[in-house]
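Notes for the structure review
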Amino acid sequence: MTTTMNLPIPDQCVTNYLDALVGKIYKILPMKESGAEFLPQYIDWKIREMLAFQEFIDVVGEDADFLSLLLIMRAIAREDSTMVSVRHDVFEAIRICKTLSRRYKKQEVDRIVG
């Protein structure tokens, strides 16, 4: 894979980031359940991080699933989100992260084997 600066980056870095993002997203659930005051700020930080990742890695910037992931995070960030909707959205976001990780891992394997 390459960055937007046309520099090579190991595919494993992309899959490692997406795998780590699963834990960061899951962390939202206990924060929402406990009524953590800083939850909106935490989600905003994650969205900003994900936007930077999307802008930095060429292939991610074009991925519709990554856009879906960003939109779900925006929905979670809404102050009027219920615990039921947050729980649903968190697990949907985790599912998408895992799907993206598998997709990019497969691309790496295909390039090595191919």
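Residues numbered from 1 in each chain as written. Predicted model: local features only at pLDDT ≥ 70, side-chain atom pairs only at ≥ 80, totals over all residues. Heavy atoms only, no water.

Brief notes about the overall build of the chain
When helices and strands are tallied, the chain shows six helices and zero strands. Written out in order from the N terminus, the α and β elements of the chain read α-α-α-α-α-α. Referenced to the eigenvectors of the C-alpha coordinate spread, the extents of the chain come out at roughly 50 × 25 × 20 Å. Going through the 114 residues of the chain one by one, you find that 39% of them count as buried. A separation of at least 24 residues holds for 71% of the contacts in the chain among residues at least 6 apart in sequence. Counting 15 positive and 17 negative side-chain charges, the chain places the centres of these two groups 4 Å from one another. (Helix = DSSP H or I, 4+ residues; strand = E, 2+ residues; numbered from the N terminus. Buried < 20%, exposed > 50% of the residue type's maximum accessible area, 1.4 Å probe, protein only. Contact = heavy atoms within 4.5 Å. Lys, Arg positive; Asp, Glu negative; His and termini not counted. Charge placed at Lys NZ, Arg CZ, Asp CG, Glu CD.)

Considerations on the pattern of salt bridges
Going through the model one piece at a time under the given rule, you end up with seven salt bridges. One salt bridge connects Arg87 with Glu33, and the closest N-O pair in it is separated by 3.3 Å. Of this pair, Arg87 sits in helix H6 (residues 83-113) while Glu33 is found in helix H2 (residues 28-33), placing the two residues 54 residues apart along the sequence. Given a relative accessible area of 34%, Arg87 falls into the partly exposed group. (Salt bridge = Lys/Arg side-chain N within 4 Å of Asp/Glu carboxyl O.)

Observations regarding the packing of helix H1 (residues 11-26) against helix H3 (residues 39-56)
Axis angle and axis distance: for two packed helices, these are the angle between their axes and the distance between the axes, and together they describe the pair. Orientation of H1 relative to H3, taken along the N-to-C sense of each, is 170°, at an axis distance of 12 Å. By the angle class used here, H1 and H3 are roughly antiparallel. Both H1 and H3 take part in a crossing whose hand is left-handed. For the pair H1 and H3, contact is made by Val14, Tyr17, Leu18, Leu21 and Lys24 and by Tyr42, Lys46, Glu49, Met50 and Phe53, respectively. Partitioning the contact of H1 with H3 into residue classes produces seven nonpolar, no polar and three charged. (Axes fitted to C-alpha atoms, helices over the stretch in contact; angles between N-to-C directions. Parallel < 35°, antiparallel > 145°, perpendicular 65-115°, else oblique. Left-handed = near helix turned anticlockwise from the far one by under 90°. Nonpolar A, V, L, I, M, F, W, Y, C, P; charged D, E, K, R; others polar.)

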